Amino acid sequence: MREEQIKALDQAHVWHPLTQHKTAGNPLPIERAQGNYLYDFENKAYFDAISSWYTCSYGHVNPELTKALKDQVDKLHHVVFAGMTHEPVARLSKSLINILPDNQEKLFFSENGSTSVEIALKMAFQLHFNQGEKRNVVIALENGFHGDTFGAMSASGLSVYNGPFEDFFIEVIRIPAPTENNVEQILNSLESLIENNRISSFIYEPLVQGAAAMQLNDAAALSQVIELCKQQGIITIADEVMTGFGKTGTYFASDQIDQKPDIMCLSKALTGGIMPMAITTCTQQVFDAFYDDEMARGLFHGHTYSGNPLGCAVAAAAIDQLTSNSIQQNIDYITNKNLEFKHVLSSHPRVSNARSKGVILAMDLAIKMERYGNQRDKMFKWFWDHGVFLRPLGNTIYIVPPFTTSPEQLKSLHETMLQFLNEF
(Lines give C-alpha, C1' and ligand atoms only; values in the text may rest on other atoms or scores of the structure.)
Protein backbone atom coordinates (compact mmCIF):
# COMPACT_ATOMS: atom_id res chain seq x y z
CA MET A 1 0.00 0.00 0.00
CA ARG A 2 1.30 3.43 -0.90
CA GLU A 3 1.98 6.13 1.69
CA GLU A 4 -0.85 8.36 0.48
CA GLN A 5 -3.35 5.51 0.72
CA ILE A 6 -2.28 4.85 4.31
CA LYS A 7 -2.68 8.51 5.21
CA ALA A 8 -6.13 8.73 3.59
CA LEU A 9 -7.46 5.60 5.28
CA ASP A 10 -5.97 6.62 8.61
CA GLN A 11 -7.56 10.05 8.44
CA ALA A 12 -10.90 8.56 7.43
CA HIS A 13 -11.21 5.84 10.04
CA VAL A 14 -8.54 5.72 12.77
CA TRP A 15 -8.84 7.23 16.26
CA HIS A 16 -5.35 7.58 17.74
CA PRO A 17 -4.49 7.49 21.45
CA LEU A 18 -3.64 10.66 23.40
CA THR A 19 -4.66 12.75 20.40
CA GLN A 20 -6.97 15.72 19.89
CA HIS A 21 -7.64 15.12 16.22
CA LYS A 22 -8.98 18.62 15.52
CA THR A 23 -5.66 20.26 16.37
CA ALA A 24 -3.15 17.44 15.83
CA GLY A 25 -1.18 17.09 12.65
CA ASN A 26 -1.33 13.96 10.54
CA PRO A 27 0.64 11.00 11.92
CA LEU A 28 3.80 9.96 10.10
CA PRO A 29 3.47 6.62 8.31
CA ILE A 30 6.27 4.20 9.24
CA GLU A 31 7.06 1.60 6.61
CA ARG A 32 9.47 -0.61 8.56
CA ALA A 33 11.82 -0.80 11.50
CA GLN A 34 15.19 -2.42 12.01
CA GLY A 35 17.52 -2.44 14.98
CA ASN A 36 17.13 0.84 16.85
CA TYR A 37 15.61 2.78 13.95
CA LEU A 38 12.19 3.47 12.45
CA TYR A 39 12.02 4.17 8.70
CA ASP A 40 9.43 6.22 6.81
CA PHE A 41 8.39 5.72 3.19
CA GLU A 42 11.24 7.93 2.00
CA ASN A 43 13.66 5.67 3.86
CA LYS A 44 14.53 8.37 6.39
CA ALA A 45 15.73 6.83 9.65
CA TYR A 46 14.53 7.92 13.10
CA PHE A 47 16.38 6.71 16.17
CA ASP A 48 13.82 5.22 18.58
CA ALA A 49 14.92 7.09 21.70
CA ILE A 50 12.04 5.83 23.87
CA SER A 51 12.03 2.23 22.63
CA SER A 52 8.47 2.72 21.32
CA TRP A 53 6.98 3.49 24.75
CA TYR A 54 9.58 1.39 26.58
CA THR A 55 8.75 -1.89 24.82
CA CYS A 56 11.37 -2.52 22.12
CA SER A 57 14.28 -2.72 24.55
CA TYR A 58 16.16 -5.20 22.34
CA GLY A 59 15.68 -3.27 19.13
CA HIS A 60 13.16 -3.74 16.34
CA VAL A 61 12.88 -7.05 14.47
CA ASN A 62 15.31 -8.60 16.91
CA PRO A 63 16.41 -11.87 15.25
CA GLU A 64 16.27 -14.00 18.41
CA LEU A 65 12.80 -12.80 19.36
CA THR A 66 11.59 -13.14 15.78
CA LYS A 67 12.90 -16.70 15.65
CA ALA A 68 11.12 -17.58 18.90
CA LEU A 69 7.87 -16.29 17.41
CA LYS A 70 8.33 -18.15 14.13
CA ASP A 71 9.22 -21.40 15.88
CA GLN A 72 6.07 -21.21 18.02
CA VAL A 73 3.76 -20.26 15.14
CA ASP A 74 4.06 -23.76 13.66
CA LYS A 75 3.17 -25.44 16.97
CA LEU A 76 0.40 -23.61 18.81
CA HIS A 77 -1.09 -20.14 18.30
CA HIS A 78 -3.57 -20.03 21.14
CA VAL A 79 -5.54 -22.19 23.51
CA VAL A 80 -8.01 -21.47 26.31
CA PHE A 81 -5.97 -20.87 29.46
CA ALA A 82 -8.78 -21.79 31.88
CA GLY A 83 -8.17 -25.49 32.48
CA MET A 84 -5.35 -25.91 29.94
CA THR A 85 -1.63 -25.17 29.91
CA HIS A 86 1.30 -25.51 27.51
CA GLU A 87 5.06 -25.65 27.21
CA PRO A 88 5.74 -21.96 26.40
CA VAL A 89 4.01 -20.77 29.58
CA ALA A 90 5.89 -23.32 31.67
CA ARG A 91 9.20 -22.22 30.16
CA LEU A 92 8.40 -18.55 30.65
CA SER A 93 7.32 -19.14 34.24
CA LYS A 94 10.66 -20.72 35.06
CA SER A 95 12.63 -17.95 33.35
CA LEU A 96 10.66 -15.16 34.99
CA ILE A 97 10.63 -16.60 38.50
CA ASN A 98 14.42 -16.94 38.25
CA ILE A 99 14.86 -13.16 37.87
CA LEU A 100 11.98 -11.82 39.98
CA PRO A 101 12.51 -10.80 43.62
CA ASP A 102 12.74 -13.94 45.76
CA ASN A 103 9.32 -13.51 47.37
CA GLN A 104 7.40 -13.71 44.08
CA GLU A 105 5.93 -17.15 43.36
CA LYS A 106 2.75 -16.98 41.25
CA LEU A 107 2.01 -15.47 37.82
CA PHE A 108 -1.39 -14.28 36.55
CA PHE A 109 -1.48 -13.52 32.82
CA SER A 110 -3.30 -10.77 30.92
CA GLU A 111 -2.61 -8.49 27.94
CA ASN A 112 -1.45 -4.98 28.92
CA GLY A 113 -0.19 -2.81 31.72
CA SER A 114 -3.60 -1.48 32.70
CA THR A 115 -5.06 -4.95 33.08
CA SER A 116 -2.08 -6.08 35.14
CA VAL A 117 -2.89 -3.22 37.54
CA GLU A 118 -6.62 -4.00 37.55
CA ILE A 119 -5.81 -7.57 38.54
CA ALA A 120 -3.41 -6.44 41.26
CA LEU A 121 -6.03 -4.15 42.81
CA LYS A 122 -8.67 -6.87 42.63
CA MET A 123 -6.28 -9.34 44.26
CA ALA A 124 -5.78 -6.92 47.14
CA PHE A 125 -9.47 -6.13 47.60
CA GLN A 126 -10.53 -9.77 47.48
CA LEU A 127 -7.70 -10.97 49.71
CA HIS A 128 -9.11 -8.87 52.54
CA PHE A 129 -12.67 -9.90 51.65
CA ASN A 130 -11.69 -13.56 51.79
CA GLN A 131 -10.22 -12.93 55.24
CA GLY A 132 -13.46 -11.40 56.50
CA GLU A 133 -12.46 -7.75 56.17
CA LYS A 134 -13.82 -5.00 53.98
CA ARG A 135 -10.97 -2.71 52.98
CA ASN A 136 -12.00 -0.38 50.20
CA VAL A 137 -9.32 2.37 50.14
CA VAL A 138 -6.12 2.45 48.08
CA ILE A 139 -3.03 4.50 48.88
CA ALA A 140 -1.14 5.79 45.83
CA LEU A 141 1.59 8.30 45.04
CA GLU A 142 0.81 11.80 43.86
CA ASN A 143 1.20 12.17 40.08
CA GLY A 144 1.37 8.42 39.65
CA PHE A 145 0.18 6.76 36.47
CA HIS A 146 -1.02 3.17 36.29
CA GLY A 147 -3.08 2.90 33.12
CA ASP A 148 -6.34 3.90 31.47
CA THR A 149 -8.87 1.30 32.66
CA PHE A 150 -11.03 2.33 35.61
CA GLY A 151 -9.14 0.80 38.52
CA ALA A 152 -5.81 1.85 37.04
CA MET A 153 -7.14 5.36 36.37
CA SER A 154 -8.42 5.58 39.92
CA ALA A 155 -4.95 4.90 41.25
CA SER A 156 -3.43 7.43 38.84
CA GLY A 157 -3.01 11.04 39.85
CA LEU A 158 -2.73 12.86 36.52
CA SER A 159 -6.01 14.70 35.92
CA VAL A 160 -5.17 15.34 32.26
CA TYR A 161 -6.13 11.69 31.70
CA ASN A 162 -8.79 11.25 34.38
CA GLY A 163 -10.98 14.37 34.43
CA PRO A 164 -14.31 13.16 32.95
CA PHE A 165 -14.28 9.86 34.84
CA GLU A 166 -13.39 10.77 38.42
CA ASP A 167 -16.95 10.38 39.74
CA PHE A 168 -16.74 6.67 38.95
CA PHE A 169 -13.43 5.91 40.67
CA ILE A 170 -12.61 3.66 43.60
CA GLU A 171 -11.51 5.54 46.71
CA VAL A 172 -7.85 6.52 46.57
CA ILE A 173 -5.78 8.63 48.98
CA ARG A 174 -2.57 10.08 47.57
CA ILE A 175 0.70 10.68 49.36
CA PRO A 176 3.80 12.49 48.07
CA ALA A 177 6.56 10.46 46.47
CA PRO A 178 8.88 9.66 49.40
CA THR A 179 12.30 11.27 49.59
CA GLU A 180 14.96 11.53 52.26
CA ASN A 181 13.59 14.95 53.23
CA ASN A 182 9.89 14.14 53.54
CA VAL A 183 9.76 10.49 54.60
CA GLU A 184 9.22 11.12 58.33
CA GLN A 185 6.31 13.42 57.58
CA ILE A 186 4.84 10.85 55.16
CA LEU A 187 5.16 8.04 57.71
CA ASN A 188 3.41 10.12 60.37
CA SER A 189 0.64 11.05 57.96
CA LEU A 190 0.31 7.46 56.79
CA GLU A 191 -0.10 6.19 60.35
CA SER A 192 -3.04 8.55 60.76
CA LEU A 193 -4.52 7.49 57.42
CA ILE A 194 -4.25 3.84 58.38
CA GLU A 195 -5.98 4.48 61.69
CA ASN A 196 -8.90 6.29 60.07
CA ASN A 197 -9.39 4.36 56.81
CA ARG A 198 -9.85 0.76 55.74
CA ILE A 199 -6.81 0.60 53.49
CA SER A 200 -6.53 -2.34 51.13
CA SER A 201 -3.32 -1.66 49.25
CA PHE A 202 -0.50 0.72 48.48
CA ILE A 203 0.40 0.99 44.79
CA TYR A 204 3.55 2.75 43.63
CA GLU A 205 5.96 3.11 40.73
CA PRO A 206 9.33 2.16 42.20
CA LEU A 207 12.22 4.60 41.71
CA VAL A 208 10.82 6.33 38.60
CA GLN A 209 7.33 7.74 37.99
CA GLY A 210 7.21 7.56 34.21
CA ALA A 211 4.19 9.60 33.13
CA ALA A 212 5.02 12.16 35.82
CA ALA A 213 7.88 13.13 33.50
CA MET A 214 10.37 10.61 34.88
CA GLN A 215 10.32 11.94 38.43
CA LEU A 216 12.54 9.95 40.79
CA ASN A 217 11.71 8.72 44.27
CA ASP A 218 14.16 7.53 46.91
CA ALA A 219 14.65 3.79 47.39
CA ALA A 220 15.40 3.95 51.12
CA ALA A 221 12.48 6.27 51.85
CA LEU A 222 10.08 4.23 49.72
CA SER A 223 11.23 1.08 51.53
CA GLN A 224 10.18 2.60 54.86
CA VAL A 225 6.71 3.35 53.50
CA ILE A 226 6.38 -0.20 52.16
CA GLU A 227 7.51 -1.62 55.50
CA LEU A 228 4.90 0.35 57.44
CA CYS A 229 2.18 -0.83 55.05
CA LYS A 230 3.23 -4.44 55.43
CA GLN A 231 3.16 -4.14 59.22
CA GLN A 232 -0.48 -3.05 58.94
CA GLY A 233 -1.52 -5.85 56.58
CA ILE A 234 -1.75 -3.51 53.60
CA ILE A 235 -0.93 -5.25 50.32
CA THR A 236 1.95 -3.52 48.53
CA ILE A 237 1.82 -3.33 44.73
CA ALA A 238 4.85 -2.37 42.63
CA ASP A 239 3.80 -1.15 39.19
CA GLU A 240 6.86 -2.13 37.14
CA VAL A 241 5.13 -1.89 33.78
CA MET A 242 7.57 0.85 32.75
CA THR A 243 10.53 0.23 35.08
CA GLY A 244 10.66 -3.55 34.73
CA PHE A 245 13.14 -5.60 32.71
CA GLY A 246 16.36 -3.67 33.11
CA LYS A 247 15.50 -0.02 32.59
CA THR A 248 16.65 1.19 36.02
CA GLY A 249 19.91 -0.79 35.83
CA THR A 250 18.68 -3.95 37.57
CA TYR A 251 16.20 -6.54 36.35
CA PHE A 252 13.48 -4.74 38.30
CA ALA A 253 13.44 -1.45 40.18
CA SER A 254 12.24 -3.40 43.21
CA ASP A 255 15.64 -5.10 43.29
CA GLN A 256 17.07 -1.78 44.53
CA ILE A 257 14.54 -1.46 47.37
CA ASP A 258 15.00 -3.43 50.58
CA GLN A 259 11.30 -4.09 51.18
CA LYS A 260 9.85 -6.22 48.37
CA PRO A 261 6.27 -5.87 47.13
CA ASP A 262 3.53 -8.41 47.66
CA ILE A 263 2.37 -7.97 44.07
CA MET A 264 4.13 -6.78 40.89
CA CYS A 265 2.66 -5.54 37.59
CA LEU A 266 4.62 -6.30 34.41
CA SER A 267 4.14 -5.58 30.71
CA LYS A 268 5.77 -3.42 27.98
CA ALA A 269 9.30 -4.88 27.53
CA LEU A 270 8.06 -8.29 28.70
CA THR A 271 7.82 -9.39 25.04
CA GLY A 272 10.36 -6.95 23.63
CA GLY A 273 7.66 -4.99 21.81
CA ILE A 274 6.59 -7.86 19.56
CA MET A 275 3.11 -8.44 20.96
CA PRO A 276 0.83 -7.50 23.87
CA MET A 277 1.24 -9.42 27.11
CA ALA A 278 1.14 -8.64 30.82
CA ILE A 279 1.69 -10.56 34.03
CA THR A 280 0.65 -9.80 37.60
CA THR A 281 2.96 -11.64 39.98
CA CYS A 282 2.41 -12.26 43.68
CA THR A 283 3.74 -14.00 46.75
CA GLN A 284 2.66 -17.43 47.90
CA GLN A 285 0.86 -15.75 50.82
CA VAL A 286 -1.32 -13.70 48.45
CA PHE A 287 -2.14 -16.80 46.40
CA ASP A 288 -2.96 -18.82 49.51
CA ALA A 289 -5.67 -16.31 50.47
CA PHE A 290 -7.62 -17.54 47.41
CA TYR A 291 -6.81 -21.26 47.81
CA ASP A 292 -9.99 -22.78 49.24
CA ASP A 293 -12.63 -25.46 48.79
CA GLU A 294 -15.19 -22.73 48.15
CA MET A 295 -15.24 -21.80 44.47
CA ALA A 296 -16.24 -18.16 45.08
CA ARG A 297 -13.06 -17.52 47.06
CA GLY A 298 -11.00 -17.97 43.90
CA LEU A 299 -9.99 -15.02 41.72
CA PHE A 300 -12.67 -14.97 39.04
CA HIS A 301 -10.90 -12.81 36.51
CA GLY A 302 -9.96 -13.92 33.02
CA HIS A 303 -8.89 -12.67 29.60
CA THR A 304 -9.41 -14.50 26.32
CA TYR A 305 -5.74 -14.22 25.40
CA SER A 306 -4.31 -14.95 28.86
CA GLY A 307 -1.15 -17.03 28.63
CA ASN A 308 -1.03 -16.77 24.84
CA PRO A 309 1.61 -19.31 23.64
CA LEU A 310 3.10 -16.95 21.05
CA GLY A 311 3.56 -14.22 23.63
CA CYS A 312 4.99 -16.64 26.16
CA ALA A 313 7.54 -17.96 23.67
CA VAL A 314 8.68 -14.45 22.78
CA ALA A 315 8.77 -13.34 26.43
CA ALA A 316 10.98 -16.29 27.38
CA ALA A 317 13.36 -15.37 24.56
CA ALA A 318 13.31 -11.73 25.72
CA ILE A 319 14.38 -12.80 29.22
CA ASP A 320 17.22 -14.76 27.64
CA GLN A 321 18.25 -11.51 25.94
CA LEU A 322 17.94 -9.51 29.15
CA THR A 323 20.09 -11.87 31.18
CA SER A 324 22.80 -12.21 28.51
CA ASN A 325 26.24 -10.76 29.19
CA SER A 326 26.08 -8.51 26.12
CA ILE A 327 22.80 -6.85 27.10
CA GLN A 328 23.86 -6.46 30.73
CA GLN A 329 27.11 -4.84 29.61
CA ASN A 330 25.18 -2.50 27.30
CA ILE A 331 22.80 -1.52 30.11
CA ASP A 332 25.79 -0.69 32.31
CA TYR A 333 27.39 1.32 29.50
CA ILE A 334 24.24 3.36 28.78
CA THR A 335 23.68 3.88 32.50
CA ASN A 336 27.18 5.27 33.01
CA LYS A 337 27.14 7.46 29.91
CA ASN A 338 23.71 8.85 30.82
CA LEU A 339 25.05 9.70 34.26
CA GLU A 340 27.99 11.53 32.73
CA PHE A 341 25.73 13.39 30.33
CA LYS A 342 23.36 14.31 33.16
CA HIS A 343 26.16 16.39 34.68
CA VAL A 344 26.64 18.15 31.32
CA LEU A 345 22.92 18.92 31.13
CA SER A 346 22.83 20.14 34.73
CA SER A 347 25.26 22.92 33.91
CA HIS A 348 23.32 24.11 30.84
CA PRO A 349 21.48 27.43 31.39
CA ARG A 350 18.34 26.19 29.63
CA VAL A 351 17.97 23.13 31.91
CA SER A 352 16.34 23.48 35.33
CA ASN A 353 16.67 19.85 36.38
CA ALA A 354 18.43 16.82 34.93
CA ARG A 355 18.19 13.30 36.29
CA SER A 356 19.04 9.74 35.30
CA LYS A 357 18.34 6.22 36.50
CA GLY A 358 19.67 3.30 34.52
CA VAL A 359 18.98 3.85 30.83
CA ILE A 360 16.41 6.56 31.67
CA LEU A 361 17.59 10.16 31.26
CA ALA A 362 15.38 13.25 31.63
CA MET A 363 15.82 17.01 31.60
CA ASP A 364 13.35 19.77 32.45
CA LEU A 365 13.64 22.92 30.37
CA ALA A 366 13.81 26.19 32.29
CA ILE A 367 10.50 27.34 30.81
CA LYS A 368 6.85 26.82 31.71
CA MET A 369 4.61 25.15 29.19
CA GLU A 370 1.56 22.90 28.91
CA ARG A 371 1.93 19.13 28.98
CA TYR A 372 0.32 19.00 25.54
CA GLY A 373 0.22 22.07 23.29
CA ASN A 374 1.81 23.95 20.42
CA GLN A 375 5.20 24.43 22.10
CA ARG A 376 5.44 20.76 22.96
CA ASP A 377 4.39 19.82 19.40
CA LYS A 378 7.15 22.03 17.98
CA MET A 379 9.70 20.28 20.19
CA PHE A 380 8.39 16.91 19.05
CA LYS A 381 8.72 17.94 15.40
CA TRP A 382 12.22 19.38 15.93
CA PHE A 383 13.47 15.98 17.03
CA TRP A 384 11.61 14.24 14.19
CA ASP A 385 13.32 16.59 11.73
CA HIS A 386 16.67 15.71 13.29
CA GLY A 387 16.13 11.95 13.04
CA VAL A 388 15.11 11.21 16.63
CA PHE A 389 11.79 9.87 17.88
CA LEU A 390 10.89 10.89 21.42
CA ARG A 391 7.81 12.32 23.12
CA PRO A 392 8.30 15.41 25.32
CA LEU A 393 6.04 15.64 28.37
CA GLY A 394 5.47 19.36 28.75
CA ASN A 395 8.85 20.93 29.41
CA THR A 396 10.45 17.55 30.08
CA ILE A 397 12.51 15.80 27.42
CA TYR A 398 13.49 12.25 28.22
CA ILE A 399 15.02 9.19 26.61
CA VAL A 400 14.74 5.46 27.33
CA PRO A 401 16.91 4.05 24.53
CA PRO A 402 17.04 0.37 23.56
CA PHE A 403 19.59 -1.77 25.36
CA THR A 404 21.07 -2.47 21.92
CA THR A 405 22.08 1.17 21.47
CA SER A 406 25.71 1.38 20.32
CA PRO A 407 28.25 3.85 21.79
CA GLU A 408 28.13 5.82 18.53
CA GLN A 409 24.33 5.97 18.55
CA LEU A 410 24.21 7.05 22.18
CA LYS A 411 26.82 9.75 21.58
CA SER A 412 24.83 11.03 18.60
CA LEU A 413 21.63 11.04 20.66
CA HIS A 414 23.25 13.04 23.45
CA GLU A 415 24.72 15.48 20.92
CA THR A 416 21.30 15.97 19.33
CA MET A 417 19.84 16.81 22.75
CA LEU A 418 22.57 19.40 23.26
CA GLN A 419 21.96 20.79 19.78
CA PHE A 420 18.29 21.17 20.66
CA LEU A 421 19.16 23.14 23.79
CA ASN A 422 21.43 25.45 21.82
CA GLU A 423 19.17 25.98 18.80
CA PHE A 424 15.51 25.60 19.69
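Since this is a predicted model, take the numbers as computed values, not measurements. (Residues numbered from 1 in each chain as written. Predicted model: local features only at pLDDT ≥ 70, side-chain atom pairs only at ≥ 80, totals over all residues. Heavy atoms only, no water.)

A.B. asks: Honestly, the overall build of the chain in this entry has me stumped. Any pointers?
C.D. replies: Along its length, the chain carries 14 helices and 16 strands. Computed over C-alpha atoms, the radius of gyration of the chain comes to 22 Å, within 12% of the 22 Å expected from 2.2 N^0.38 for 424 residues, which places it in the range of a compact globule. Burial status across the chain gives 53% buried among its 424 residues. In the chain, the share of contacts with a sequence separation of at least 24, taken over all contacts with a separation of at least 6, comes to 71%. (Helix = DSSP H or I, 4+ residues; strand = E, 2+ residues; numbered from the N terminus. Rg over C-alpha atoms; globule rule 2.2 N^0.38 Å. Buried < 20%, exposed > 50% of the residue type's maximum accessible area, 1.4 Å probe, protein only. Contact = heavy atoms within 4.5 Å.)

A.B. asks: Please clarify how the nonpolar core should be interpreted in this entry.
C.D. replies: One broad trend across soluble globular proteins is that nonpolar side chains are buried collectively. Within the largest apolar cluster, 96 residues are counted, with the highest numbers of intra-cluster contacts made by L92, L96, F202, M214, F245, I397 and F420. Among the elements that line this core, the one with the most residues is helix α11 (residues 309-322), at 8 residues. In contact with L92, not counting residues within four places along its chain, are F109, M277, I279, C312, A315, A316 and I319. The next biggest cluster of nonpolar side chains, apart from the first, holds 23 residues, and it includes L121, M123, A140 and A289. (Core = buried A, V, L, I, M, F, W, Y, C linked by side-chain atoms within 4.5 Å.)

A.B. asks: Just to check I follow, could you spell out the sheet that holds strand β3 (residues 45-48) for this structure?
C.D. replies: In spatial order, the strands read β1-β2-β3-β15; together these 4 strands make up an open sheet with mixed pairing. The open sheet has two free edges, formed respectively by β1 (30-34) and β15 (388-389), since each of these has just one partner strand. Sheet analysis places β3 next to β15, joined by 2 bridges and oriented parallel. Within β15, the residue paired with F47 across the bridge is V388. (Pairing = 2+ DSSP bridges.)

A.B. asks: What is the right way to read helix α5 (residues 113-130) from this model?
C.D. replies: For an α-helix, the turn length of 3.6 residues means that residues three or four places apart are oriented alike. Over its 18 residues, α5 extends 26 Å from the first C-alpha to the last, a length consistent with the 26 Å expected when each residue adds 1.5 Å. Across the 18 residues that make up α5, a large majority, 15, are buried. The N-cap residue of α5 is N112: its side-chain oxygen and the backbone nitrogen of S114 are 3.0 Å apart. The positive-phi residue at the C-terminal boundary of α5 is G132, with phi of around 85°. (Expected span 1.5 Å × (residues − 1). Polar contact = N/O pair within 3.5 Å; in protein donor to acceptor, adjacent residues only side chain to side chain.)

A.B. asks: Looking at this model, I keep getting lost on the packing of helix α13 (residues 374-385) against helix α14 (residues 407-423). Mind explaining?
C.D. replies: Two quantities define a packed helix pair, namely the angle between the helix axes and the distance between the axes. At a minimum axis distance of 11 Å, the contact between α13 and α14 shows a crossing angle of 130°. Taken together, the axis directions place α13 and α14 in an arrangement best described as oblique. Judged by the twist between their axes, the crossing of α13 over α14 is right-handed. Contacts between α13 and α14 involve M379, W382 and F383 from the first element and T416, M417, Q419, F420 and E423 from the second. (Axes fitted to C-alpha atoms, helices over the stretch in contact; angles between N-to-C directions. Parallel < 35°, antiparallel > 145°, perpendicular 65-115°, else oblique. Left-handed = near helix turned anticlockwise from the far one by under 90°.)

A.B. asks: Please clarify how unusual backbone geometry should be interpreted in this entry.
C.D. replies: Keep in mind that most residues, glycine aside, have a negative phi and that most peptide bonds are trans. With a phi angle near 50°, L18 is a residue other than glycine that sits in the positive phi range. When you line up the elements, L18 lands in the loop between α1 (3-13) and β1. Its identity is not glycine, yet F245 carries a phi of approximately 65°, on the positive side.

A.B. asks: Looking at this structure, I do not really get the pattern of salt bridges. What am I missing?
C.D. replies: A side chain of one charge can pair with a side chain of the opposite charge if their charged atoms are brought near each other. A complete count under the given rule lists 11 salt bridges for this structure. A salt bridge links E133 to R135; the shortest N-O distance between them is 3.3 Å. For D385, the salt bridge is made with K381, and the minimal N-O distance between the two is 2.9 Å. With D385 and K381 both in helix α13, this residue pair falls 4 residues apart, about one helical turn. Of the residues examined, D385 reaches a relative accessible area of 45% and is grouped as partly exposed. Look at K381 and you get partly exposed, because its relative accessible area is 48%. Among the charged side chains, a network of salt bridges with common partners joins E3, E4 and K7. (Salt bridge = Lys/Arg side-chain N within 4 Å of Asp/Glu carboxyl O.)

A.B. asks: Got a minute to help me understand α11 in this structure?
C.D. replies: Taking 1.5 Å per residue, 14 residues should reach 20 Å; α11 reaches 20 Å between its end C-alpha atoms and fits that length. Taken across its 14 residues, α11 has 13 buried, putting it largely inside the fold. For α11, the N-terminal cap is N308; the gap from its side-chain oxygen to the backbone nitrogen of L310 is 3.2 Å.

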